[in-house]
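Residue-level structure breakdown
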Amino acid sequence: MKTSKIREMSDAEIVSMLNDLRREKLTLAIQATTGQLEKSARVRQVRREIAQLLTETTRRAAN
């Protein structure tokens, strides 16, 4: 996800996206444990998107 797109999102949208991504991260972890994970790169991508969203919330809180 691009930083410019994240900056255009409202606080509520960011929180909603974080919840969705955390849920997906849990699902991917379960799939990896059971050997059903098809796209292992998605785990890394989800982690990065979560970090980007958290960074934006921290930036907004500092202002």
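For the structure, see preceding data.
What counts and how
Residues numbered from 1 in each chain as written. Predicted model: local features only at pLDDT ≥ 70, side-chain atom pairs only at ≥ 80, totals over all residues. Heavy atoms only, no water. Helix = DSSP H or I, 4+ residues; strand = E, 2+ residues; numbered from the N terminus. Buried < 20%, exposed > 50% of the residue type's maximum accessible area, 1.4 Å probe, protein only. Areas by Shrake-Rupley, 256 points an atom, 1.4 Å probe, with all protein chains shown as cover. Lys, Arg positive; Asp, Glu negative; His and termini not counted. Charge placed at Lys NZ, Arg CZ, Asp CG, Glu CD. Patch = residues over 30% accessible without salt bridge, like charges linked within 9 Å, V, L, I, M, F, W, Y side chains within 5 Å. Salt bridge = Lys/Arg side-chain N within 4 Å of Asp/Glu carboxyl O. Core = buried A, V, L, I, M, F, W, Y, C linked by side-chain atoms within 4.5 Å. Contact = heavy atoms within 4.5 Å.

Turning next to the overall build of the protein. Helices and strands together make up the secondary structure of the protein, namely three helices and zero strands. Counting only residues that meet the buried cut, the protein has 17% of its 63 residues in that class. When the accessible surface of the protein is totalled, it reaches about 4,800 Å², and 51% of it is carbon and sulfur. The average position of the 13 basic charges and that of the 8 acidic charges among the side chains of the protein differ by 6 Å.

Looking at the secondary structure, you find asparagine 19 in helix 2 (residues 11-34). For the pair formed by asparagine 19 and isoleucine 50, sequence separation is 31 residues and the distance between their alpha carbons is 9.3 Å.

A word on a positive patch on the surface. Taken together, the side chains of Arg22, Lys25, Arg44, Arg47 and Arg48 present a region of like positive charge at the surface. When residues of the positive patch are traced back to their parent elements, those giving at least two are helix 2 and helix 3 (41-62). It is helix 3 that provides the largest number of residues to the positive patch, a total of three residues. Position of arginine 44 among the secondary structure elements: in helix 3.

Ile6, Met9, Ile14, Leu18, Leu21, Leu28, Val46, Ile50 and Leu53 form the largest nonpolar core, which has nine residues in total. Put simply, the parts of the chain that give this core at least two residues each are helix 2 and helix 3. The element contributing the most residues to this core is helix 2, with four residues. When residues no more than four places from it in sequence are discounted, the contact partners of leucine 28 are Leu37, Arg42, Val43 and Val46.

Glancing now at the pattern of salt bridges. Applying the stated criterion to the full structure yields seven salt bridges. Put simply, aspartate 20 and arginine 23 hold a salt bridge, and the shortest N to O gap is 3.4 Å. In this pair, aspartate 20 and arginine 23 are both assigned in helix 2, three residues apart and thus about one turn of the helix distant. Judged by its relative accessible area of 40%, aspartate 20 falls in the partly exposed class. With its nearest N and O atoms 2.7 Å apart, the salt bridge here joins glutamate 24 to arginine 42.

Worth remembering: the numbers are spatial, not functional.
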